[in-house]
Amino acid sequence: MVDSSIIQMAPSIKCRHVAVIGAGAAGLVAARELRREGHSVVVFERQNQVGGTWIYTDHVEQDPLSIDPTRPIVYSSVYRSLRTNLPRECMGFIDFPFVIRPRKSRDPRRFPSHGEVVAYLQVSLRSLRSRR
């Protein structure tokens with residue numbers, strides 16, 4: 001029998017207003033877990049879409065030495081044919097699995113393309129918003 005006088009209760013978690021910087025995979029998982037713990041969360045992203053380093057662009061740096069301070073900066077490190085090196089089953093959120101979504105434009109492979117990862121993250125964000 002356990003003596004209840006020696007069991008200490010964990011302090012209750014106070015709801016906080018939290019800002020998450022970046023809407024890539026890490027930022028979205030942080031937001032999901034913070035929301036799950038009962039916090040109010042806002043995610044900030046400098047790009048015009050969700051996806052972080054998974055977003056592909058064919059733009060390249062015109063000034064790789066960063067000499068021109070007014071240059072447009074390219075934030076993508078993804079190449080056109082990039083696919084994940086983990087199976088989709090390992091990449092999903094625990095409460096939102098990265099399953100194959102049947103549509104003509106989707107990538108059904110077990111190791112999907114960067115575009116499929118971005119699509120998953122976008123749908124994940126919508127599911128996060130709907131849980132408010």
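Located above this text is the structure these notes cover.
Once a new chain begins, its residue numbering starts again from 1 and follows that chain's sequence as written. Restriction of local features to residues with pLDDT of at least 70 applies here, the model being predicted, together with a cutoff of 80 or more for giving and counting side-chain atom pairs; totals for whole chains, interfaces and linings are based on all residues. For side-chain calculations, the full set of non-hydrogen atoms in the structure is used, while hydrogens and water are omitted.

**Considerations on the pattern of salt bridges**
Moving on, step 1. Put simply, a salt bridge is a Lys or Arg side-chain nitrogen that is within 4 Å of an Asp or Glu carboxyl oxygen. Enumeration over the complete set of coordinates arrives at six salt bridges.
Moving on, step 2. The shortest N-O distance in the salt bridge between Glu 116 and Arg 88 comes to 3.7 Å. Of this pair, Glu 116 sits in helix H3 (residues 114-130) while Arg 88 sits in helix H2 (residues 88-91), placing them 28 residues apart in sequence. When sorted by exposure, Glu 116 lands in the same class as Arg 88, which is buried.
Moving on, step 3. Within the structure, one salt-bridge network assembled from shared partners comprises Arg 88, Arg 106 and Glu 116. The secondary structure listing takes helices from DSSP runs of H or I that are at least 4 residues long and strands from runs of E that are at least 2 residues long, numbered from the N terminus. Only protein chains enter the accessibility calculation, which uses a 1.4 Å probe. A residue is then buried if its area is under 20% of the maximum for its type, exposed if over 50%, and partly exposed in between.

**Points about the pairing of strand S2 (residues 40-44)**
Moving on, step 1. What makes two strands pair is DSSP finding at least two bridges between them. Relative to S2, strand S1 (residues 17-21) runs parallel, the two being bridged by five bridges. Directly across from Val 18, in S2, lies its bridge partner Val 41.

**Re the packing of aromatic side chains**
Moving on, step 1. We call Phe, Tyr and Trp rings a pair once their centres come within 6.5 Å, taking the six-membered ring for Trp, and we label the pair stacked below 30 degrees between planes, edge-to-face above 60, and tilted otherwise. According to the stated counting rule, one finds three aromatic pairs in the structure shown.
Moving on, step 2. Seen in terms of ring centroids, Phe 98 and Tyr 120 are 4.3 Å apart; in terms of plane orientation they differ by 25°. Their pairing is stacked. In this pair, Phe 98 sits in the loop between H2 and H3 while Tyr 120 sits in helix H3, placing the two residues 22 residues apart along the sequence. Like Tyr 120, Phe 98 is buried.
Moving on, step 3. An aromatic cluster is present here, built from Phe 93, Phe 96, Phe 98 and Tyr 120 joined pairwise through their rings.
Moving on, step 4. Sitting over the face of the ring of Phe 98, Arg 88 holds its NZ or CZ atom 4.7 Å from the ring centroid. A ring has a charge above it when a Lys NZ or an Arg CZ is no more than 6 Å from the ring centre and no more than 35 degrees off the ring normal.

**Structural notes on the environment of Pro 72**
Moving on, step 1. Mapped onto the fold, Pro 72 is located in the loop between S2 and H2.
Moving on, step 2. Residue classification places Pro 72 among the exposed positions, given a relative accessible area of 63%.
Moving on, step 3. A sequence separation of twelve residues divides Pro 72 from Val 60, and the C-alpha atoms of the two residues are 9.4 Å apart.

**Some remarks on the nonpolar core**
Moving on, step 1. For our purposes a nonpolar core is just a set of buried Ala, Val, Leu, Ile, Met, Phe, Trp, Tyr and Cys residues, chained together by side-chain atoms within 4.5 Å. Judged by nonpolar contacts, the single largest core of 19 residues is most densely connected at Leu 28, Val 50, Trp 54, Phe 93, Tyr 120 and Leu 121.
Moving on, step 2. For this core, the secondary structure elements donating two or more residues are helix H1 (25-36) and H3.
Moving on, step 3. It is H3 that provides the largest number of residues to this core, a total of six residues.
Moving on, step 4. Residues count as neighbours in contact if any of their non-hydrogen atoms are within 4.5 Å of one another. The contact partners of Leu 121, leaving out residues within four places of it in the chain, are Ala 25, Leu 28, Val 50, Gly 51, Trp 54 and Phe 93.

**Topic: H1**
Three- or four-residue spacings in an α-helix give side chains the same orientation, since the helix completes a turn every 3.6 residues.
Moving on, step 1. Here, expected helix span is obtained from the residue count minus one, scaled by 1.5 Å. The end-to-end C-alpha separation of H1 is 16 Å, in line with the 16 Å expected for twelve residues at 1.5 Å each.
Moving on, step 2. Within H1, burial applies to Gly 27, Leu 28, Ala 31, Arg 32 and Arg 35. All buried residues of H1 lie within an arc of 135° about the axis, which places them on one face of the element. Looking at H1, the residues exposed on the side facing more than 90 degrees away from the buried face are Ala 26 and Arg 36.
Moving on, step 3. Turning to H1, the residues buried within the fold contact S1, S2 and H3.
Moving on, step 4. Gly 38 lies just past H1 and shows a positive phi near 95°. By arc we mean the arc of the directions from the helix axis to the C-beta atoms, nothing more.

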